[in-house]
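# Results of the structural survey
What follows is each chain in one-letter form.
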Amino acid sequence: RRPSRRGVEVERMLRAFHFNLTALSFVALLVGLFLVYNTVSVSVIRRQPEIGMLRTIGVTRRTIMLLFLAEASVLGMLGSTVGIPLGWLLAQGAVGLTSSTVSQFWVASAAQVPALTVEMIALAFSVGLPLALAAGVIPAREAARVLPVEALRRDAMIKSRERLPSRYIVVPVFLFAAAVWMARQDPIDGLPVFGLAAALAVVFGAALLMPAVLFGFWRMCGSLMTRWFNVEGKISHANLGSAIPRLSISVAALSVSFAMMVAIAIMVGSFRDTVVYWVGQTLQADLFVSTARASRTSNNGVISTETETLIASHPEVVAVDGFSSIDVRYGGELIVVGAGRFNILLEHGALHYKEPADGHRALASAIGSDAVVVTEAFSLKHRVRVNDTIRLPTPHGDVAFRVAAIYFDYSNDRGIVVMDVATFAKHFAPPRPAGLTVYLRSDSNADLVREELRALVGADRPLFIATNAALRREVLRIFDSTFAITYALEAIAIVVSMFGVAITLLTLVLERRNEIAMLRLVGADHRQLRRTIVIEAGVLGALTQVVGLVVGVALSLILIYVINVQSFGWTIQ
């Protein structure tokens, strides 16, 4: 193949990986948007006397709004200035976490973080500044609408609503319905564009639903809070009801962060359990023998007939299976065509079949015929079902093969087509295996046999011999390193949203300074005031948990059954 063509193939393989990570990192930006909103809101509340004075001497509403937008832009400038070098430092660790996955699955490379360029810095500012301005628009408009008399009296507050505007119900319902529709659409050019759009629709639908959630709680739980928390509960209930519009922003930010944490935890946990189950079903052999390799993604060496004979002659060995493979172009993409000994696989091994129901019979029917079994990733990417016919290029021209079965596989997302070793030898060169799976007697000690085989083949044959337990540990180690970056990204979003909630509670306290002073005058002590604020925080946390859990489960369904399948061709069990 031409080197340029191989580069295009690598780029195609990495594109889905990059696409999903980029989409996930947008969550931190979304939560940061809420945080800037809260910060500007606090500034508006603290400067109400100044706003009133400026309005009294003739400053227009437009000027007031521009002043606060200028403040938001300064925050955006400072945040971007600090965020650029901080992000570059974080990238050092992030690349270390992701490069192990890239080299494991696609291409061996020494991944490095590029130096900061003018283009990268300009891109960061072009993202940070518009986000900060967008976040500051609503509180800036709120400041511009404050009447001078209200501002000077420091009592301009958002009033509670007796009725909830219908848009807080209609728009979220529309977004949720759109998410259901988009989740059913096919990928675009191999990328889960509609799947990610469905996830965003769920996120924004949940955020816009928060005023309705807070309003419903306020209307239904007043007597309950009074009964549980006495007068502090009654005051907390009244405070929350009077600040629903402001609270909904920060609670939505925390809910979104918590929902992403739940969704990723469900997806990664489900995927890990699936891999554990798959490894337990598929890796039935006691020992695995492989040749020395140039890299993790190459498998150029083969095991000689003499070496295989030596291994098979050990008295504890009952069967030896071999697997060899070549790269073949199919449907414009590179796939793996492998050869296995189906008779040994039927007797000693096991595959986890997706279809048909009786996979063993289907595998037996492929022996001695032009039939193959394919991985789920291959069947999804190329829209192949059982009993379909695929045409593979061979040295003798294109040959048609019947698809006998589809099996689950999580080791390769390119797609694997496997045929019996005799069928492979008929259409391609007679294969020698690059690896062997060795089955021992049921009462054998795998570790002891491993050492005896190493001594038997000798030091002049560079072979790796691993036990079943060691290979399973390595599979899970690779899996855990693959998803380490996702935990780091969601941790950032959670920490940022926690600051947002803290600022929101501070905002509420600043808004109610006159009320707090009145409560102190009539006998309320510090403990009661602290308890009131803690009750408010607890209520916000409980609502966040409920909404975040529901939205997180919905997002996990999209991640598992739409985005993951369309990106990599893997169905999580």
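Above this text sits the structure in question.
Please read these numbers as outputs of a predicted model, since none were measured by experiment.

## Comments concerning the environment of A207
Tracing the chain through its elements places A207 in helix α7 (residues 193–220). Accessibility expressed as a relative area gives 14% for A207, which makes it buried. Taking the C-alpha atoms as reference points, A207 and N343, 136 residues apart in sequence, are found 57 Å from one another.

## A closer look at the side chain of H427
Inspection of the secondary structure assignment puts H427 in helix α14 (residues 421–427). Polar side-chain contacts of H427 include one of 2.9 Å to the side chain of D370. With residues up to four places along the chain from it excluded, the contact list for H427 reads D370, T394, P395, H396, V399 and F401.

## A short note on helix α16 (residues 468–482)
When the terminal C-alpha atoms of α16 are compared, their 21 Å separation across 15 residues agrees well with the 21 Å that a helix rising 1.5 Å per residue should span. Among the residues of α16, those classed as buried are N468, I478, F479, S481 and T482.

## Quick look at a nonpolar patch on the surface
On the surface, I169, V170, V171, V173 and L208 cluster together to form a nonpolar patch covering roughly 390 Å² of accessible area. Counting residues per element, the nonpolar patch draws most heavily on helix α6 (residues 167–183), at 4 residues. A relative accessible area of 34% places V171 in the partly exposed class.

## Notes on unusual backbone geometry
A cis amide bond, omega 0 degrees, links E355 with the succeeding residue P356. Structurally, P356 can be placed in the loop between β4 (353–355) and α12 (359–365). In this model, R383 sits at a positive phi of 55 degrees, which is unusual for a non-glycine residue. If you trace the backbone, R383 turns up in the loop between α13 (376–381) and β6 (389–394). Residue classification places R383 among the exposed residues on the basis of a relative accessible area of 62%. Non-glycine residue N387 carries a positive phi angle of around 75 degrees. On the secondary structure map, N387 appears in the loop between α13 and β6.

## Concerning the packing of aromatic side chains
Applying the stated criterion across every chain, the model contains 7 aromatic pairs. With centroids separated by 5.4 Å and ring planes inclined at 90 degrees, the aromatic side chains of F271 and F479 adopt a geometry described as edge-to-face. Of the two residues, F271 is situated in helix α9 (residues 244–282) and F479 in helix α16; the sequence distance between them amounts to 208 residues. Judged by relative accessible area, which is 7%, F479 ranks as buried. Among the aromatic side chains, those forming a connected cluster through ring pairs are F271, W278, Y410 and F479.

So, how was this worked out
- Residues numbered from 1 in each chain as written.
- Predicted model: local features only at pLDDT ≥ 70, side-chain atom pairs only at ≥ 80, totals over all residues.
- Heavy atoms only, no water.
- Helix = DSSP H or I, 4+ residues; strand = E, 2+ residues; numbered from the N terminus.
- Buried < 20%, exposed > 50% of the residue type's maximum accessible area, 1.4 Å probe, protein only.
- Polar contact = N/O pair within 3.5 Å; in protein donor to acceptor, adjacent residues only side chain to side chain.
- Contact = heavy atoms within 4.5 Å.
- Expected span 1.5 Å × (residues − 1).
- Patch = residues over 30% accessible without salt bridge, like charges linked within 9 Å, V, L, I, M, F, W, Y side chains within 5 Å.
- Areas by Shrake-Rupley, 256 points an atom, 1.4 Å probe, with all protein chains shown as cover.
- Salt bridge = Lys/Arg side-chain N within 4 Å of Asp/Glu carboxyl O.
- Phe/Tyr/Trp six-rings, centres within 6.5 Å; stacked < 30°, edge-to-face > 60°.

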